[in-house]
Amino acid sequence: MAAEFAPKVIFEHDGVFIHPSAEDGEQDLLISGSLRILDKDAEMVVEFRPLEDAVDPSNMLCAGKDSSSVVEWAQSPQERTQPLESQQSYETEWDMVNAVSFRKKPCTNGEGSLNHSHERSRWAFSVSISDLRSITVKDEGWTFLILQLKDSSISLPPLHFHQGGSREFLDNLRRFALLTESADDGSCLLVSTPNKALSQSFENLLDDTGALNKFKRDPYVATLDSFSKVTNFIYDALRGTEEQQQRPPEEMVELLGEVIPGLEINQQEEPGFEVITRTDLGQRPQVTRWEPLTAEDWTNQLDAEGRVLDVAHVKHAVFKGGLCHAIRKEVWKCLLGYSPWSSTLEGRKLLQRTKTDEYFRMKLQWKSVSEEQERRNSRLRDYRSLIEKDVNRTDRTNRFYEGIDNPGLALLHDILMTYCMYDFDLGYVQGMSDLLSPILYVMENEVDAFWCFVSVMDQMHQNFEEQMQGMKTQLLQLSTLLRLLDSTFWNYLEAQESGYLYFCFRWLLIRFKREFSFQDVLRLWEVLWTGLPCQNFHLLVCCAILDSEKQKIMEENFGFNEILKHINELSMKLDIEEILQKAEGIFLQIKSCKDLPHSVSTILGLHERCREPDSSESGSAVEQRPGHRRDACSNGHSGHSSQ
């Protein structure tokens, strides 16, 4: 006899209720139970099991939606249907309090256990996810769900979530089914499932880590920890068997959308759909890098009151050579817009006093929240938990953050918590600590670091929004640029089903923070913050890295998995000066093209770009220092090498 394997519990939530109606003859009862999603031998099942005792609602109290007081349960509240989005956000902010008191229904004639056993078996149900047609989300001061089966002759009782949990249930359900809002009813989610093998293989891959939901909520951690496994699975699932023909693009798009919920692909813009005529770009010009801007150079660029005399020349010098570490603190404030270029020394001091007051007012907001208040603010609790977890693992090998009870870690924590007060809608998303760390390292000041971080987040806000539209756009733009620069390499990636360039995701999400050494990241970021020589220069940095690796990838005939592995292993092995040199050469090559596709001009902003000053225009304002540097000033540390 074959062994029976116990079902694997994917999701479980207690305190879900069924409200029997008058027709059931049990109107005075609430059937409390446990709702689970189970993996039963490769079949995903939704199961409801009543608990031992039914609940008499006559003594049950709950929080009323329109009142802060505790009110008596309304037995038959009028049904109200709201748009799905508002109901779900409402539940997060207004979770029902636990029942104040319960009273077991009295049993007579010694038949209590039998009666309860009968009631439990009567209300229990188990259905396959593939048999679900739709889920309707409604609100009665709490959320309840109506599950509709494809077999209309079978009806299931509504499930009432008096103590929250409906959103978590739906989020877990999305791991195995596609839930789409009905065009006719905003409260109705239509359920569709990918083919069974695809769904089960993906679930086996994710195991209990919930990597798919983790990717949606916390793209940074999912990218670093699990994205390679996810993309490997997608490749294997989409490739099919060796006997099968390559899947048509429309099917690829559909399947990618199923296994990564929320990923919307415009087939007119995605790789493989837009046709770009082969363009002759001509020979790539040679480029030289300069020495870093020194403290003396910076001082010479200031007038007697501290104003910058020639902003364009300073930006150009920073783009070509970066900054000596001694002046980063001051120049970064200007590059990020915290200190206006035209401000005087006294004006900057006055601005800092004003910004200090503003910062500490916001910091006081979360510092003054009591434990009792925080217990009733799930979002603030979640933000704090994520921040504390991330701070403790951010750049701990850097001397500025190493050791126990390091004050740098406390500052990271406080700045990120205060940013949640500044932008509570976005709050904290994993990955932000990586962006703040180098800024705090340079500023060595809590207030200055906060406002510089705000400027960086203003630029990168869309990377961290729930829909991640910024990431999708950048991947599309990068694909367009790569097709123009080397159609042979791009076609190779397409043939390996890597044309979506997901292996570049980490580069774009946190601006190469994990690809270069800490000191090289400082150099790269200050170059990017000049806004020169074009829009989206960071995409040309991506192109430069891929250009350096394309020969190895094609000569060794790397497939999808090998490409992903190779790109991930480039971390900390890249030469920042070589990459910047090549990226600038790529820009000049594209700029000199007479028949440049409009899409490329738009991405780089060439149709509206003011002319960049040539080397010959620098004059005496900023002395040119051509040549490749490895000196004491290169990254702010004596004898530092960018290797």
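The rules we used
- Residue indices begin from 1 for each chain and proceed along its sequence in written order.
- Per-residue local features are limited, in this predicted model, to residues with pLDDT of at least 70; the limit for side-chain atom pairs, both in listing and counting, is 80 or more; totals at the level of whole chains, interfaces and linings are taken over all residues.
- Excluded from the side-chain calculation are hydrogens and water; included are all heavy atoms of the structure.
- UniProt positions are given in the numbering used here, feature names are shortened, and annotations may be inferred rather than shown by experiment.
- Secondary structure counts use DSSP, requiring at least four H or I residues in a row for a helix and at least two E residues in a row for a strand, with both numbered from the N terminus.
- To sort residues, take the accessible area from a 1.4 Å probe on protein chains only and compare it with the maximum for the residue type: under 20% means buried, over 50% means exposed, and anything in between is partly exposed.
- Contact criterion: two residues are considered in contact whenever any of their non-hydrogen atoms come within 4.5 Å of each other.
- The Shrake-Rupley method, run with a 1.4 Å probe, gives the accessible areas here. Residue values count only the displayed protein chains as cover.
- Interaxial angle, 0 to 180 degrees, is taken between N-to-C directions of lines fitted to C-alpha atoms, where a helix line uses only the stretch in contact.
- Here is the rule for angles: anything less than 35 degrees is roughly parallel, anything more than 145 is roughly antiparallel, 65 through 115 is roughly perpendicular, and the remaining ranges are oblique.
- Charged means Asp, Glu, Lys or Arg here, nonpolar means Ala, Val, Leu, Ile, Met, Phe, Trp, Tyr, Cys or Pro, and polar covers whatever is left, Gly included.
- Whether two strands pair depends on DSSP finding at least two bridges between them.
- A crossing counts as left-handed when the near helix is turned anticlockwise from the far one by less than a right angle, and as right-handed when that turn is clockwise.
- Buriedness for pockets is judged along seven lines, at least five of which must meet protein on both sides within 12 Å for an open set on the 1 Å grid over protein atoms alone, while cavities are sets there where a 1.4 Å probe fits but cannot get out, and lining residues have an atom within 4 Å of a point.
- Grid points are joined across faces, edges and corners, and a volume is the space filled by probe spheres set on the points.
- For the domains described, the bounds stem from an automatic or database domain assignment.
- The rule is short: rings of Phe, Tyr and Trp, with Trp giving its six-membered ring, pair when the centres are within 6.5 Å, and they are stacked under 30 degrees, edge-to-face over 60, tilted in between.
- We define a nonpolar core as any set of buried Ala, Val, Leu, Ile, Met, Phe, Trp, Tyr and Cys residues linked to one another through side-chain atoms lying within 4.5 Å.
- The term salt bridge refers to a side-chain nitrogen of Lys or Arg lying within 4 Å of a carboxyl oxygen of Asp or Glu.
- Helix span is expected to be 1.5 Å times the residue number reduced by one.

As recorded in an unreviewed UniProt entry, the protein goes by the name TBC1 domain family member 15, listed as coming from Oryzias javanicus. Under the Function (unreviewed entry) heading, UniProt states for the protein: "Acts as a GTPase activating protein for RAB7A. Does not act on RAB4, RAB5 or RAB6." We quote the UniProt Subcellular location (unreviewed entry) comment for the protein here in full: "Cytoplasm".

Q: Got a sec to walk through the overall build of the protein? Specific residues and values, please.
A: When its secondary structure is counted, the protein shows 25 helices and eleven strands. Residues counted as buried form 53% of the 643 residues belonging to the protein. The contacts in the protein between residues at least 6 apart in sequence include a share of 72% that link residues at least 24 apart. Accessible surface, the protein: about 30300 Å² in total, of which carbon and sulfur atoms supply 47%.

Q: Which residues make up the packing of helix H12 (residues 345-367) against helix H15 (residues 407-422), and what values do they have?
A: For the pair H12 and H15, the least separation of the axes is 8 Å and the interaxial angle reads 95 degrees. Classified by the angle between their axes, H12 and H15 sit roughly perpendicular to one another. For the pair H12 and H15, contact is made by Tyr359, Met362, Lys363, Gln365, Trp366 and Lys367 and by His413, Asp414, Ile415, Met417, Thr418, Met421 and Tyr422, respectively. Residue composition of the contact of H12 with H15, grouped by class: seven nonpolar, three polar and three charged.

Q: Describe the pairing of strand E3 (residues 43-50), listing the residues and the values that go with them.
A: Within E3, six of the eight residues are buried, which leaves it mostly tucked inside the rest of the structure. Here strand E2 (residues 31-40) runs beside E3; their pairing, made up of eight bridges, is antiparallel. Its bridge partner being in E3, Asp39 is matched across the sheet by Met44. Between E2 and E3, which pair antiparallel one after the other, the connecting turn spans two residues, and Asp41 there sits at a positive phi close to 55 degrees. Here E3 runs beside strand E6 (residues 125-128); their pairing, made up of four bridges, is antiparallel. When the bridges of E6 are listed, Val45 appears paired with Ser128.

Q: Could you give an account of the packing of H15 against helix H16 (residues 432-443), with specific residues and numbers?
A: What describes two packed helices is the angle between their axes and the distance between those same axes. With their axes 10 Å apart at the nearest point, H15 and H16 run at an angle of 125 degrees to one another. Considered as vectors, H15 and H16 are oriented oblique to each other. When you trace H15 past H16, the crossing you get is right-handed. Residues Gly408, Leu411, Leu412, Ile415, Leu416 and Tyr419 of H15 lie in contact with H16, whose contacting residues are Met432, Ser433, Leu436, Ser437 and Leu440. The residue inventory of the contact of H15 with H16, partitioned by class, reads eight nonpolar, three polar and no charged.

Q: Can you explain the layout of surface pockets? Please cite residues and give values.
A: The space that makes up the second largest pocket amounts to roughly 440 Å³. Lining the second largest pocket are 22 residues, and of these Gln459, Met460, Arg511, Asn536 and His538 sit closest to its centre. Breaking the lining of the second largest pocket down by element, the ones donating at least two residues are helix H17 (446-464), helix H18 (469-485), helix H21 (518-529) and helix H22 (537-555). Considering each element in turn, the lining of the second largest pocket owes the most residues, seven residues, to H17. Grouping the amino acids of the lining of the second largest pocket by side-chain chemistry returns ten nonpolar, ten polar and two charged. When residues of the lining of the second largest pocket are sorted by domain, at least three fall in each of domain 3 (295-463) and domain 4 (469-604).

Q: Go over the packing of aromatic side chains with me, naming the residues and quoting the values.
A: Centre distance and the angle of the planes are the two values used to describe a pair of aromatic rings. Applying the stated criterion across every chain, the model contains 20 aromatic pairs. Plain terms: the ring middles of Phe319 and Phe537 are 5.4 Å apart, the flat faces sit at 70 degrees to each other, and that makes the pair edge-to-face. With Phe319 in helix H10 (residues 311-321) and Phe537 in helix H22, the pair connects residues that are 218 residues apart, well separated along the chain. With respect to class, Phe319 is no different from Phe537; both count as buried. Ring geometry for Trp332 versus Trp529: centroids 4.7 Å apart, planes at 85 degrees, classification edge-to-face.

Q: Report on the nonpolar core, specifying residues and quantitative values.
A: By size, the foremost hydrophobic cluster in this structure holds 119 residues, and its most contacted members are Met432, Phe537, Leu540 and Val541. Considering every element that reaches this core, the biggest residue donor is H17, with eleven residues. When residues of this core are assigned to domains, at least three map to each of domain 3 (295-463) and domain 4 (469-604). With residues up to four places along the chain from it excluded, the contact list for Val541 reads Phe512, Leu524, Leu528, Ile579, Leu580 and Ala583. By size, the runner-up hydrophobic cluster in this structure holds 31 residues, among which are Ile10, Leu35, Val46 and Leu179.

Q: Give a detailed account of the pattern of salt bridges, specifying residues and quantitative values.
A: For the structure shown, the criterion picks out 32 salt bridges. Here Arg328 makes a salt bridge to Glu526, at a shortest N to O gap of 2.8 Å. With Arg328 in helix H11 (residues 328-335) and Glu526 in helix H21, the pair connects residues that are 198 residues apart, well separated along the chain. What makes Arg328 buried here is its relative accessible area of 0%. A salt bridge links Lys565 to Glu569, with the nearest nitrogen and oxygen atoms 2.7 Å apart. Through salt bridges with shared partners, a single ionic network connects Arg284, Asp486, Asp547, Lys550 and Lys582.

Q: How would you explain helix H3 (residues 166-173) if you had to name every residue and give the values?
A: Burial within H3 is extensive, with six of its eight residues counted as buried. When we look at burial in H3, the residues that qualify are Ser166, Phe169, Leu170, Asp171, Asn172 and Leu173.

Q: Any details on H16? Residues and values, ideally.
A: With twelve residues, H16 should cover 16 Å at 1.5 Å per step; its first-to-last C-alpha distance of 17 Å lies within 8% of that length. Of all twelve residues in H16, twelve are buried; the element is thus mostly enclosed. What H16 keeps buried is the set Met432, Ser433, Asp434, Leu435, Leu436, Ser437, Pro438, Ile439, Leu440, Tyr441, Val442 and Met443. Downstream of H16 by a residue or two, Glu444 has a phi angle that is positive, lying close to 55 degrees.

Q: Which residues make up unusual backbone geometry, and what are the values?
A: Residues Leu532 and Pro533 are joined by a peptide bond in cis, for which omega reads -5 degrees. Unlike most non-glycine residues, Met468 shows phi in positive territory, near 55 degrees. Turning to its location among the elements, Met468 is positioned in the loop between H17 and H18. The buried category is assigned to Met468, whose relative accessible area is 8%. If you check the backbone angles, Arg511 has positive phi at about 50 degrees while not being a glycine. By relative accessible area, Arg511 is classed as buried at 15%.

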